[in-house]
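Below, each chain spelled out in residue letters.
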Amino acid sequence: MFEFNIIAECSRTGARAGELTTPHGIINTPVFMPVGTLATVKSMSSRELEEINSQIILGNTYHLYLRPGSEIISKAGGLHKFMNWSRPILTDSGGFQVFSLAKLQKITDENVICRSHIDGSLLIMSPEWSMDMQRVLASDIAMCFDQCSELPATHEKLEEALNRTTLWAERSKEYFLSHNDVNNQALFGIIQGGTCDDLRERSAHEIINIGFPGYAIGGLSVGESHEAMYHTLDILNNIMPPNKPRYLMGVGYPLNIIEGIARGVDMFDCVMPTRNGRNGTLFISSGRVNIKNKNNAEDFTSLDPECDCYTCRNFTRAYLRHLSMCGEILGARLCSWHNLRFTVRIAEQAREAIIAGKFPEFLERFNAKFHDNPQTQN
RNA sequence: GGUGGAAUGGCCGAGUGGUCAAUGGCAACAGACUGUAAAUCUGUCGACGGGAGUCUACCAUGGUUCAAAUCCAUGUUCCACCA
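Residues numbered from 1 in each chain as written. Chains lettered and ligands numbered in written order. Predicted model: local features only at pLDDT ≥ 70, side-chain atom pairs only at ≥ 80, totals over all residues. Heavy atoms only, no water.

Engineer: Give a description of helix α11 (residues 272-279) that names residues and reports values.
Structural biologist: What sets the pattern is the α-helix's 3.6 residues per turn: residues three or four places apart point alike. Residues Pro 273, Thr 274, Asn 276 and Gly 277 constitute the buried set of α11. Against β4 (31-34), β14 (267-270), β15 (281-284) and α14 (329-355) lie the buried residues of α11. Positive backbone phi, at 95°, marks Gly 280, one or two positions downstream of α11. (Buried < 20%, exposed > 50% of the residue type's maximum accessible area, 1.4 Å probe, protein only. Helix = DSSP H or I, 4+ residues; strand = E, 2+ residues; numbered from the N terminus. Contact = heavy atoms within 4.5 Å.)

Shown next, in the form of structure tokens:
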């Protein structure tokens with residue numbers, strides 16, 4: 001049921017185009033996966049997600065465990081049916097919440113004792129708990145329960161998280177193999193190690209030795225510089241098995257995606273398109289736009305004439321600014337809609353370029369056009 | 001006509017002699033956001049100056065006082081109640 005085939009490779013960079021077969025369909029890589037933490041990509045319906053060509057979306061173990069809970073998801077017949085999404089789903093293990101909800105918990109090798117961010121009630125997260133929950137969610141791709149460190153961090157702290165991640169990867173896999181539906185769900189391993197070369201290498205070797213159908217790079221985009229991120233990707237690009245999908249977790253900034261693809265990454269996910277969209281920062285081919293800025297008040301042009309999304313084809317910047325200024329739901333929707341399509345399309349365009357043998361040119365063109373500073377573009 | 005009350009920075013609204021260029025909130029302006037505790041958070045928000053600071057400000061005018069958004073007088077406008 002799971003297969004990954006590389007159909008084209010860039011001769012000058014690490015970029016590759018592939019096909020990842022899952023129970024709910026084939027995913028063309030590179031791919032950007034919108035995040036749907038609570039069984040919804042915030043403000044977007046499944047029909048709209050299909051329209052922007054989302055091939056796969058994420059769900060979150062921790063959040064769905066708290067609400068609506070495993071029983072209801074189970075009764076619904078799994079996450080696909082519950083949210084009426086028929087394409088592939090990847091579930092995050094709850095590992096990231098060990099990081100993002102760090103103040104609410106106590107971590108040991110055995111497990112994570114955590115307080116619910118909703119009502120403060122106690123819950124215990126562990127690799128086994130995560131596999132159980134992801135089995136109920138019935139995602140196509142499950143993730144190992146890991147520990148993500150914030151950066152900057154000391155070598156010692158990173159090593160501790162790395163060791164625990166390896167330990168938990170072993171337990172995740174062992175439990176997964178004996179409890180989950182291995183014909184309909186794949187378990188990916190997660191490499192940690194921050195931005196320390198030696199730790200990254202060690203973590204990669206340890207996780208790869210355990211053996212998974214796909215490997216994720218965790219612990220990046222958590223405070224390090226872009227250069228440090230790229231350097232770590234370069235190192236991993238030389239270690240990770242070429243015939244397995246590689247997933248850079250939590251990355252969605254357009255330049256990071258492009259540079260990630262150039263370093264052999266096949267899959268990305270990020271809340272950035274939706275969160276930034278709701279907050280008024282939009283990504284377009286020339287860079288970033290803060291749609292709430294006054295200079296958009298009387299701008300009756302399209303947000304991005306080069307974009308094929310519903311928002312850009314039908315509404316003006318002035319209207320988007322108006323909706324965003326007023327806090328209107330439609331503003332959040334249209335802005336998320338555009339950002340999602342824009343981000344999904346980056347991966348699509350990269351794929352086309354890789355297949356056409358023109359990825360380096362695409363990379364160069366994108367970098368030349370996309371300005372980092374929101375002030376510098378129109 | 002009578003009696004009582006109120007007028008504060010774009011708006012609402014604290015403040016009742018010095019610690020007040022004046023709490024808050026909103027609006028506005030800008031920034032942040034990367035496996036979602038986020039339709040959130042942060043900063044700025046009288047003028048000039050890099051800053052120390054200077055100036056102009058709490059309806060108007062006049063006064064009391066070393067010192068007034070705060071006290072007094074008069075006026076203006078608004079509100080409530082009574083006729």
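Anyway, onward from the coordinates.
Engineer: If you had to explain the environment of Cys 10 to someone new, which residues and values would you point to?
Structural biologist: Here Cys 10 shows up in the loop between β1 (3-9) and β2 (16-22). Note on Cys 10: relative accessible area 12%, which makes it buried. As for Cys 10 and Glu 110, which are separated by 100 residues in sequence, their C-alpha atoms are 43 Å apart. Once residues within four sequence positions are removed from consideration, Cys 10 is found in contact with Ala 15, Ile 354, Phe 359 and Pro 360.

Engineer: Break down the protein's contact with RNA strand B for me, citing the residues and quoting the values.
Structural biologist: Every one of the 45 residues lining RNA strand B counts as a neighbour, but Cys 148, Gly 250, Val 271, Thr 274 and Thr 281 are closest to it. Atoms of RNA strand B within 4 Å of the protein belong to the sugar or the phosphate in 48% of instances, the rest to bases. Separating a base nitrogen of RNA strand B from a side-chain N or O atom of Arg 275 is a distance of 2.7 Å. Every element with two or more residues in the surface near RNA strand B is listed here: β5 (57-60), α5 (95-100), β14, α11, β16 (287-290) and α13 (317-326). Ranked by the residues each element gives to the surface near RNA strand B, the list is headed by α11, at 6 residues. Of the residues that constitute the surface near RNA strand B, the class distribution is 15 nonpolar, 20 polar and 10 charged. (Near = heavy atom within 4 Å. Polar contact = N/O pair within 3.5 Å; in protein donor to acceptor, adjacent residues only side chain to side chain. Nonpolar A, V, L, I, M, F, W, Y, C, P; charged D, E, K, R; others polar.)

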